[in-house]
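Examining the three-dimensional arrangement
Here are the chains, one letter per residue:
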Amino acid sequence: MDESLLLLMLLSLLLGSACWLVFLWAVKKGEFDDIERPKHRMLDDDE
């Protein structure tokens, strides 16, 4: 029982750390720099 609980805790920490690293990577790549521009882009196209 204790071994499975320890394994689940380690897995949850690993998954949480992985999600945090993906979030930091996305912020560093500029995914959240301008969240307003894409919805206005369709109004700027004159084609």
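None of these values were measured; they are calculated from a predicted model.

Considering the pattern of salt bridges
Inspection of the entire model under this criterion finds two salt bridges. For K39, the salt bridge identified is with E36, shortest N-O distance 3.0 Å. The class for K39 is partly exposed, based on a relative accessible area of 48%. We classify E36 as partly exposed; its relative accessible area is 40%.

Digging into helix α1 (residues 2-28)
For α1, which comprises 27 residues, the first-to-last C-alpha distance of 39 Å matches the rise-based estimate of 39 Å (1.5 Å per residue) to within 8%. Counting buried residues along α1, only one of its 27 residues qualify, which leaves the element largely exposed.

Describing the packing of aromatic side chains
By convention here, two paired aromatic rings are described through the distance between centres and the angle between planes. Summed over the entire model, instances satisfying the criterion amount to two aromatic pairs. A centroid spacing of 5.7 Å and a plane angle of 35° characterise the contact between W20 and F23, whose relative ring orientation is tilted. You can see W20 and its partner F23 sitting in helix α1, three residues apart, about one turn around the helix. The exposed category is assigned to W20, whose relative accessible area is 52%. Relative accessible area serves as the criterion here: at 38%, F23 is assigned to the partly exposed category.

Quick word on the environment of S12
One can find S12 in helix α1. For S12, a relative accessible area of 45% translates into the label partly exposed. Polar contacts involving the side chain of S12 include one to the main-chain carbonyl oxygen of M9, which spans 2.8 Å.

Definitions and limits used
Residues numbered from 1 in each chain as written. Predicted model: local features only at pLDDT ≥ 70, side-chain atom pairs only at ≥ 80, totals over all residues. Heavy atoms only, no water. Salt bridge = Lys/Arg side-chain N within 4 Å of Asp/Glu carboxyl O. Buried < 20%, exposed > 50% of the residue type's maximum accessible area, 1.4 Å probe, protein only. Helix = DSSP H or I, 4+ residues; strand = E, 2+ residues; numbered from the N terminus. Expected span 1.5 Å × (residues − 1). Phe/Tyr/Trp six-rings, centres within 6.5 Å; stacked < 30°, edge-to-face > 60°. Polar contact = N/O pair within 3.5 Å; in protein donor to acceptor, adjacent residues only side chain to side chain.

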